[in-house]
Amino acid sequence: GEDTWVDVPFVDGVALIGDAAGYNNPNIGEGLSIALRDVRVLSDVLLTEGEWSPARLAPYAGERRERLRRLRFSASLMAAIFTRFGPEGAARRARVLRGVRDGSCRFGATLLAVTGDPALAPDWAFTEEYRAEILQ
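Note that the structure is predicted; figures quoted are calculated from it, not measured.

Asks: Could you give an account of the nonpolar core, with specific residues and numbers?
Replies: L77, I81, F107, Y130 and I134 are the most contacted members of the largest nonpolar core, which totals 22 residues. Counting residues per element, the ones that place at least two in this core are α3 (58-82), α5 (108-115) and α6 (128-135). Sorting elements by how many residues they give to this core places α3 first, with eight residues. If we skip the residues at most four places from it in the chain, F107 touches L77, M78, I81, F82, V96, V100, Y130 and I134. Formed by seven residues, the second largest nonpolar core is a distinct cluster that contains L42, V45, Y60 and A61.

This is how it looks when you write it as structure tokens:
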């Protein structure tokens, strides 16, 4: 599970979407969702802009960069919880899942980012403080 991406997924005359523009760690299964969202965001820009120069495509790059940053953060946190084995990993999973059930753990924000829309999750759900809280 690795990530790779470009910060600016276009040049004059060519725009990249989906895995061609960069992909996220596959442990959260977001490949198709990323590609479809890229199509929607890019097509919205293309349909509202008469000129398709790289400068006009900047909103696509900005939205994609932030979306993938949030997904990378969430995938890393999910991996730290669900792919660590042994007694420590099992104890961490049990604590987090128990906290989600009883409302004492804010991990639901990560689940929203992964299963819903990363833009809907609160900004604090992508901070190192939050990661430390969840992984304590």
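Back to the write-up after that little detour.
Asks: Residues and numbers for empty space enclosed by the protein, please.
Replies: Scanning all chains against the criterion turns up one cavity of 30 Å³ or more. Roughly 50 Å³ of internal volume is contained in the largest cavity. Lining the largest cavity are W5, V6, D7, P9, A61, R64, R65, L68 and R72. Among the elements that line the lining of the largest cavity, the one with the most residues is α3, at five residues. Counted by class, the lining of the largest cavity contains five nonpolar, no polar and four charged residues.

Asks: Let's hear about a nonpolar patch on the surface: which residues, and what values?
Replies: Together, V6, V11, V14 and L16 line one region of the surface with nonpolar side chains, adding up to about 290 Å² of accessible area. Classification of L16 as partly exposed rests on a relative accessible area of 30%.

Asks: Outline the confidence of the model for the protein, listing residues and values.
Replies: When pLDDT drops low, the exact placement of atoms in the prediction is not to be read closely. Here the protein averages 92 in pLDDT, while 100% of its residues score no lower than 70. Across the protein, the element-wise mean pLDDT spans from 86 in strand β1 (residues 4-5) up to 96 in α6.

Conventions used here
- Residues numbered from 1 in each chain as written.
- Predicted model: local features only at pLDDT ≥ 70, side-chain atom pairs only at ≥ 80, totals over all residues.
- Heavy atoms only, no water.
- Core = buried A, V, L, I, M, F, W, Y, C linked by side-chain atoms within 4.5 Å.
- Buried < 20%, exposed > 50% of the residue type's maximum accessible area, 1.4 Å probe, protein only.
- Helix = DSSP H or I, 4+ residues; strand = E, 2+ residues; numbered from the N terminus.
- Contact = heavy atoms within 4.5 Å.
- 1 Å grid on protein atoms, 1.4 Å probe; cavity = no way out; pocket = protein on both sides within 12 Å on 5 of 7 lines; lining within 4 Å.
- Points joined across faces, edges and corners; volume = space filled by probe spheres on them.
- Nonpolar A, V, L, I, M, F, W, Y, C, P; charged D, E, K, R; others polar.
- Patch = residues over 30% accessible without salt bridge, like charges linked within 9 Å, V, L, I, M, F, W, Y side chains within 5 Å.
- Areas by Shrake-Rupley, 256 points an atom, 1.4 Å probe, with all protein chains shown as cover.
- Salt bridge = Lys/Arg side-chain N within 4 Å of Asp/Glu carboxyl O.
- pLDDT = per-residue confidence, 0-100.

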